[in-house]
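Chain and residue survey
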Amino acid sequence: MTGWALLGQAGDLAEHGQWITGWVGTVPVVVRNFSGSLRGFRNVCSHRFALMLTEPAGRGPLRCPYHAWVYDAEGIPKTIPFNDSDFHLDDTARQALALPAVAVCLTGGLIFVNLQADADPALPAQWLTNGDGTLPDGSVIKADGTIQHRSTKARTGPC
Amino acid sequence: MLNFDQAPPRHCLLPHRWFTDASAYVLEKGALARHLPWRYAGLAGDDVDGADLVSLGGFLFRQQVPDAPPLAEWLGPFAADLLARATALDSPVAQDAAVFAANWKILVENTLDDFHGPTVHPHTIHPAVHADWRQHLSTKRAGPHSRSSWKLADATAAWWQKLVARGGLRRFADQDRYDHVFIFPDLYVASFYGTMVIVHRVVPEAVDRSRLEWRTFLPSNGLVDAKSASFRRGLVAMLSAAARQVIEEDKPLCEQVQIARAAAIGPGILGWREQRIGDVHAMLTQLLERP
Ligand code: FES
Ligand SMILES: [Fe+2]
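Not measured: the values here are computed from a predicted model. (Residues numbered from 1 in each chain as written. Chains lettered and ligands numbered in written order. Predicted model: local features only at pLDDT ≥ 70, side-chain atom pairs only at ≥ 80, totals over all residues. Heavy atoms only, no water.)

Looking now at the overall build of chain A. Counting secondary structure elements, chain A contains 3 helices and 12 strands. Here the C-alpha atoms of chain A give a radius of gyration of 16 Å, agreeing with the 15 Å that 2.2 N^0.38 yields for 159 residues. Projecting the C-alpha coordinates of chain A onto the three principal axes gives extents of approximately 55 × 35 × 25 Å. Counting every position in chain A, which comprises 159 residues, the buried fraction comes to 50%. Long-range contacts, defined here as pairs at least 24 residues apart, represent 47% of the contacts in chain A between residues at least 6 apart. Carbon and sulfur atoms make up 51% of the accessible area of chain A, which totals about 6900 Å². Taking the average place of the 12 positive charges on the side chains of chain A and the average place of its 14 negative ones, the gap between the two points comes to 6 Å. (Helix = DSSP H or I, 4+ residues; strand = E, 2+ residues; numbered from the N terminus. Rg over C-alpha atoms; globule rule 2.2 N^0.38 Å. Buried < 20%, exposed > 50% of the residue type's maximum accessible area, 1.4 Å probe, protein only. Contact = heavy atoms within 4.5 Å. Areas by Shrake-Rupley, 256 points an atom, 1.4 Å probe, with all protein chains shown as cover. Lys, Arg positive; Asp, Glu negative; His and termini not counted. Charge placed at Lys NZ, Arg CZ, Asp CG, Glu CD.)

For chain B, per-residue confidence averages 95 on the pLDDT scale, and 100% of positions sit at 70 or higher. With pTM at 0.96, the complex prediction returns an ipTM value of 0.95. (pLDDT = per-residue confidence, 0-100.)

What the rule picks out here adds up to 11 aromatic pairs over all chains. Judged by centre distance (5.5 Å) and plane angle (85°), the rings of Trp69(A) and Phe87(A) are edge-to-face. Here the residue Trp69(A) occupies a position in the loop between β6 (62–63) and β7 (70–71), and Phe87(A) occupies one in helix α1 (residues 83–87), the gap between them amounting to 18 residues. The same class applies to Trp69(A) and to Phe87(A), which are both buried. Residues Trp160(B) and Phe192(B) carry aromatic rings whose centres are separated by 6.2 Å and whose planes lie at 25° to one another, so their mutual orientation is stacked. (Phe/Tyr/Trp six-rings, centres within 6.5 Å; stacked < 30°, edge-to-face > 60°.)

Bringing the layout of surface pockets into the picture now. Residue and element names in this part refer to chain B. For the largest pocket, the calculated volume is near 900 Å³. As for the largest pocket, its lining consists of 45 residues, and the residues nearest its centre are Thr124, Ile125, Tyr178, Phe192 and Val246. Counting residues per element, the lining of the largest pocket draws most heavily on helix α10 (residues 226–261), which supplies 8 residues. Partitioned by chemical class, the residues of the lining of the largest pocket number 30 nonpolar, 11 polar and 4 charged. (1 Å grid on protein atoms, 1.4 Å probe; cavity = no way out; pocket = protein on both sides within 12 Å on 5 of 7 lines; lining within 4 Å. Points joined across faces, edges and corners; volume = space filled by probe spheres on them. Nonpolar A, V, L, I, M, F, W, Y, C, P; charged D, E, K, R; others polar.)

Residues and elements named next belong to chain A. Of all 6 residues in strand β1 (residues 4–9), 5 are buried, a share of seventy percent or more. As judged from the 5 bridges shared by β1 and strand β10 (residues 110–114), these two strands associate in the antiparallel manner. Of the residues in β10, the one forming a bridge with Ala5 is Val113. (Pairing = 2+ DSSP bridges.)

In many reports, interface size means the accessible area that the parts give up when they come together. Every contact between the two is made by 37 residues of chain B and, on the other side, 31 residues of chain A. Both faces considered, chain B and chain A share a buried interface measuring about 2700 Å² in area, 64% of it formed by carbon and sulfur atoms. Where chain B meets chain A, there are 3 salt bridges. Taking the shortest distance from any N to any O, the salt bridge between Asp113(B) and Arg48(A) comes out at 3.1 Å. Summed over the shared surface of chain B and chain A, the number is 14 residue pairs in polar contact (both at pLDDT 80 or more). Among the secondary structure elements, those contributing two or more residues to the side of chain B that touches chain A are α5 (104–111), α6 (117–120), α8 (133–136) and α10 of chain B. Ranked by residue count, the leading element in the side of chain B that touches chain A is α10(B), at 6 residues. Considered class by class, the residues forming the side of chain B that touches chain A number 19 nonpolar, 10 polar and 8 charged. (Buried area = accessible area lost by both parts, 1.4 Å probe. Salt bridge = Lys/Arg side-chain N within 4 Å of Asp/Glu carboxyl O. Polar contact = N/O pair within 3.5 Å; in protein donor to acceptor, adjacent residues only side chain to side chain.)

Our next topic: the coordination of the iron ion (ligand 2). All names here are of chain B. The iron ion (ligand 2) binds to the protein through His116 (NE2), His121 (NE2), Asp250 (OD) and Asp250 (OD), with metal-donor distances spanning 2.1 to 2.5 Å. One can describe the donor arrangement at the iron ion (ligand 2) as irregular, given that its 4 donor atoms subtend angles of 57 to 146° at the metal. Here the donor residues of the iron ion (ligand 2) are spaced in sequence according to H-x4-H-x128-D. In this structure His116 comes out as buried when scored by relative accessible area, which is 6%. On the basis of relative accessible area, His121 is assigned to the buried category, the value being 2%. (Donors = N, O, S within 2.8 Å, 3.2 Å for Na, K, Ca; no water. Tetrahedral: all angles 85-135°; square planar, octahedral: opposite > 155°, others 65-115°.)

Once that is clear, we can look at the nonpolar core. If you look at the biggest cluster of nonpolar residues, it comprises 123 residues, and the most contacted ones within it are Phe59(B), Phe61(B) and Phe184(B). Per-element tally for this core: the top contributor is α10(B), with 10 residues. Not counting the four nearest positions on each side in its chain, Phe59(B) is found in contact with Tyr40(B), Gly42(B), Leu43(B), Val54(B), Leu82(B), Ala86(B), Leu89(B), Leu187(B), Val189(B) and Val199(B). Listed in part, the 10 residues of the second largest apolar core include Leu110(A), Phe112(A), Ala119(A) and Leu135(A). (Core = buried A, V, L, I, M, F, W, Y, C linked by side-chain atoms within 4.5 Å.)

Turning next to helix α11 (residues 275–289) of chain B. Residue and element names in this part refer to chain B. Between its first and last C-alpha, α11 extends 21 Å over 15 residues, near the 21 Å set by a 1.5 Å rise per residue. With 11 of 15 residues buried, α11 is to be regarded as a mostly interior element. Among the residues of α11, Gln275, Arg276, Ile277, Gly278, Asp279, Val280, His281, Met283, Leu284, Leu287 and Leu288 are the ones counted as buried. (Expected span 1.5 Å × (residues − 1).)

Moving on: the pairing of strand β4 (residues 37–42) of chain A. Residues and elements named next belong to chain A. Strand direction decides the pairing type here: strand β3 (residues 27–34) and β4, joined by 6 bridges, are antiparallel. Counted as the bridge partner of Val31 is Gly40 from β4. Taking the residues between adjacent antiparallel strands as the criterion, β3 and β4 are bridged by 2 residues, where Ser35 takes a positive phi near 50°. Across 2 bridges, the pairing between β4 and strand β9 (residues 101–107) is antiparallel. Opposite Gly40, over in β9, you have Val102 as the bridge partner.

It is worth spelling out the pattern of salt bridges at this point. Under the defined criterion, the tally for this structure stands at 23 salt bridges over all chains. Across the pair Arg48(A) and Glu274(B) runs a salt bridge, and its minimum N-O distance is 2.6 Å. Placement of Arg48(A) in the loop between β4 and β5 (57–59) and of Glu274(B) in the loop between α10 and α11 is noted, with the two residues assigned to different chains. The class for Glu274(B) is buried, based on a relative accessible area of 0%. Between Asp86(A) and Arg273(B) there is a salt bridge, with its nearest N and O atoms 3.0 Å apart.

Structure follows, in C-alpha cells:
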C-alpha cells in the first residue's frame, strides 16, 4: 500500500507521551505526542530490528523492549544502555541510526500517516470533505466521525 | 576479546531477505548442505546414522563435504568444551521444544546476544548472574563458533553448591559459572555451575518458523540414595520449568524481530556483546557467496 492511511483518533494522542501504532501494509508505524508535537516513525528499532511498541495505543517512552533503546522526537536513539562500553556511538553516529520518519496529518479529529515523510498533508482533509465515509485507503468513518474500520489495524501484504 | 574501551568493529549484516523470502530460505538451505564442512546431527543414541557421522564424546557431527578439515579442527577450541560437557550426556533428565514464528537466524542472534538479560530476563537469568558483568563476562570466538561465560551471582553459586551436595550431582568442572558454547550454525550447549548441561538445537522449519529443542542433563555422582533421588526429581521439575520460562521470555522478542525486520531501512548495529552474531553473519555470507 502507498499513500495516506488512517491510523487512529486524535483523542488517543491528546497528551504528551501518548502513542498509537498500526501497519501501513507490511510496515509497522508509530505516532507519538512529544510535548504537543505529533511525530511518526517506522516502529522498528534501529539496533537489531525489533518491533518496538506492540499495543495499538498507550502512553510512555518510545522504547524498544529488546535492549531498552529510547528514541526522541527526531527519532534519534537518546538512551542507549551500555553505550559507553558496548557501542561508543557519538551524536553523529546516533543521528545515522535515527528512525525513518513517516508523515503525520491530523484532520477532523483523525490521525493519518504516510510512509513518504514529505507527502502532501492536504489530501486526508479532502478525503473527509468529499467522501461518503469510505476512504481511499479502505478505512471507514461513521457519520459521527468515529472509526468503523481502519486499514492500518493489522499487517497486510506479503508474508 | 572484548575491549569495552574502544568502539566495536562494525559488521555488515545479511540483507533482510535472508530472513523473510521463501526463495532465499531454499538457497540458504542448499548452501549450508553443500558448503558447510560439518553439521551437528544429534546425540549418541539418537535415531541418526550414516558413515559420514563422527562422534565427539557423544555429540554427533555429519561430514558434509569431502575435503572437510578434521572435526576437531573445525570446532577449534570448542572441541575441548564439548568434550568436557559430553561427560554429562549419560544423565538425561528432561527434554522440551518450542516453535517460534521466526527465522532460525533470529533465534541464533538472540542466543548469541550476551546482554539482553536485564531487559528480557529481568527475573530469571539476570539476577542469577553476577551484577558486575563487565568484570566477569568472558567471551571466546573462533570462526563462526564461540563461547560466553558469566560468573554466577554469589547467592546462585551458593544455591548450586547446596544442590550438588543434596542431589548427589557430579561436576565436569569446578566453576561457579553459567556458560554457553555455540557451534555454527544450530547447536548451543549451556552449562551451570559445571554440572547441569542443556543441549539446544535450532531447527529451521520454514523461512519464518523454527523449532528450538532442548535436552537437559543432570549428572549424578553415583551415590544416590532414596532421599537424594527424590530430591533430584523435584529439582529436575523445577529446573525444567525455569528453562522453559527463559525460552518463553525470548520467544516474543524473536517474533517481534521477524515481523519488523523487513520494514527496517537502516543497517543495524552490533555492540561488543553481540560480536558473536557478527561472526555468524560473516560465515553465512561466505557460504552464500559460493557457487
Ligand atoms: S533491538 Fe531494539 S534495543 Fe536492541
Ligand atoms: Fe534470552
